[in-house]
Amino acid sequence: MAKRGKKNIDWDNTDWDAEEQEEIIWVSKSEIKRDAEALKKLGEKLVNLNKAKLDKIPLEDKLLEAIELAQRLQKEAKRRQLQYIGKLLRNIEVEPIQEALDKLENKHNQQQALLHKLEMLRDTLIDNDDAFTQFLDQHPEADRQHLRHLIRSAQKEKAQNKPPKAYREIFQYLKELMLEE
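The model shown is predicted, which means the values in this text are computed figures rather than measured ones.

## Regarding the overall build of the protein chain
Secondary structure assignment for the protein chain yields nine helices and zero strands. Shown N-terminal to C-terminal, the secondary structure of the protein chain runs as helices and strands in the order α-α-α-α-α-α-α-α-α. Considering the protein chain as a whole, with its 181 residues, one finds that 27% of them fall into the buried category. For the protein chain, long-range pairs separated by at least 24 residues make up 59% of all intrachain contacts whose partners lie at least 6 apart in sequence. Of the roughly 14,500 Å² of accessible surface on the protein chain, a fraction of 48% belongs to carbon and sulfur atoms.

Spelled out as structure tokens, the structure:
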């Protein structure tokens, strides 16, 4: 047999610059699956929205049609349609969709917080006479006599263990007053 000669490669002078310029980002299979699952869940949130909320989100026509179809389907067909929606979401920019969805969800959370704040305000007005004066200082447009009458009625109902009719009316009045502002 013939001897093969070893090639002496000068590793210091090889051309690595071409490979360095072309930066390759390796993504694991698990990360790809996690991203696909997150997009599928985003698609599921979109499918669960009603038509009015869906109109507020910037969606491509093809994606919108797929979502509307998924809303009509059931069981296995719906699951496959959700997979398809996830696939469509992989090929488009999802940040504007996610931002619009977050705004819709946050609006609901803000409304819930406002309702809780109104409930606490109502309880404070019934239990504390100084709170009534402070409230009127902050909200001069409020009907002083009507609110005072409701508070007194609520206090009587509470003392006599009657149904809380005035208690609810105070809440409704405060809600109307806050929504006008």
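## As for the packing of helix 6 (residues 95-127) against helix 8 (residues 144-160)
Interhelical geometry of helix 6 versus helix 8 gives an angle of 80° and a closest axis separation of 9 Å. The angle between helix 6 and helix 8 places the two elements in the roughly perpendicular class. Along the contact surface, helix 6 presents Leu125, Ile126 and Asp127, while helix 8 presents Ile151, Ala154, Gln155 and Lys158.

## Here's the deal with a nonpolar patch on the surface
Among the surface-exposed residues, Ile25, Val27 and Ile32 lie close enough to one another that they form a single nonpolar patch of about 300 Å² accessible area. Looking at where Ile32 falls in the secondary structure, it is placed in helix 2 (residues 29-47). You can call Ile32 partly exposed: its relative accessible area is 49%.

## Remarks on helix 5 (residues 75-90)
Taking 1.5 Å of rise per residue, the 16 residues of helix 5 would be expected to cover 22 Å, and the 23 Å separating its terminal C-alpha atoms lies within 8% of that figure. By the burial criterion, the buried members of helix 5 are Gln81, Leu82, Ile85, Gly86, Leu88 and Leu89. Each buried residue of helix 5 sits inside an arc of 160° when the element is viewed along its axis, so together they form one side. Structurally, helix 5 contributes buried residues whose contacts are with helix 2, helix 4 (61-72) and helix 6.

## A word on unusual backbone geometry
Only a minority of non-glycine residues have a phi that is not negative, and only a minority of peptide bonds are not trans. Even without being a glycine, Lys75 presents a positive backbone phi close to 50°. Along the chain, Lys75 turns up in helix 5. Residue class for Lys75 comes out exposed when judged on its relative accessible area of 75%. Here the phi dihedral of Asn161 falls at roughly 55°; this positive angle occurs in a residue that is not glycine. Here Asn161 shows up in the loop between helix 8 and helix 9 (165-180).

## Let's talk about the confidence of the model for the protein chain
For the protein chain, per-residue confidence averages 81 on the pLDDT scale, and residues scoring 70 or more make up 87% of the total. By mean pLDDT, the top-scoring element of the protein chain is helix 8 (88), and the lowest-scoring one is helix 1 (residues 17-21) (55).

## Regarding helix 9
Here helix 9 contains 16 residues, and its C-alpha end-to-end distance of 23 Å stays within 8% of the 22 Å for a straight helix at 1.5 Å per residue. Of all the residues in helix 9, the buried ones are Ala166, Ile170, Phe171, Tyr173, Leu174, Leu177 and Met178. Taken down its axis, helix 9 places every buried residue within 165° of arc, on the same side. Of the exposed residues in helix 9, those oriented more than 90 degrees away from the buried face are Lys165, Arg168, Leu179 and Glu180. Where helix 9 is buried, its residues touch helix 6, helix 7 (129-138) and helix 8.

## Describing the nonpolar core
With 22 residues, the main nonpolar core has Ile57, Leu63, Ile85, Leu89 and Ile97 as its most contacted residues. Of all elements in the fold, only helix 2, helix 4, helix 5 and helix 6 reach the threshold of two or more residues within this core. When residues no more than four places from it in sequence are discounted, the contact partners of Leu63 are Ile85, Leu88, Leu89, Ile92 and Ile97. Judged by nonpolar contacts, the second largest core, of 19 residues, contains Leu125, Ala142, Leu150 and Ala166.

Conventions adopted
Residues numbered from 1 in each chain as written. Predicted model: local features only at pLDDT ≥ 70, side-chain atom pairs only at ≥ 80, totals over all residues. Heavy atoms only, no water. Helix = DSSP H or I, 4+ residues; strand = E, 2+ residues; numbered from the N terminus. Buried < 20%, exposed > 50% of the residue type's maximum accessible area, 1.4 Å probe, protein only. Contact = heavy atoms within 4.5 Å. Areas by Shrake-Rupley, 256 points an atom, 1.4 Å probe, with all protein chains shown as cover. Axes fitted to C-alpha atoms, helices over the stretch in contact; angles between N-to-C directions. Parallel < 35°, antiparallel > 145°, perpendicular 65-115°, else oblique. Patch = residues over 30% accessible without salt bridge, like charges linked within 9 Å, V, L, I, M, F, W, Y side chains within 5 Å. Salt bridge = Lys/Arg side-chain N within 4 Å of Asp/Glu carboxyl O. Expected span 1.5 Å × (residues − 1). Arc of directions from axis to C-beta. pLDDT = per-residue confidence, 0-100. Core = buried A, V, L, I, M, F, W, Y, C linked by side-chain atoms within 4.5 Å.

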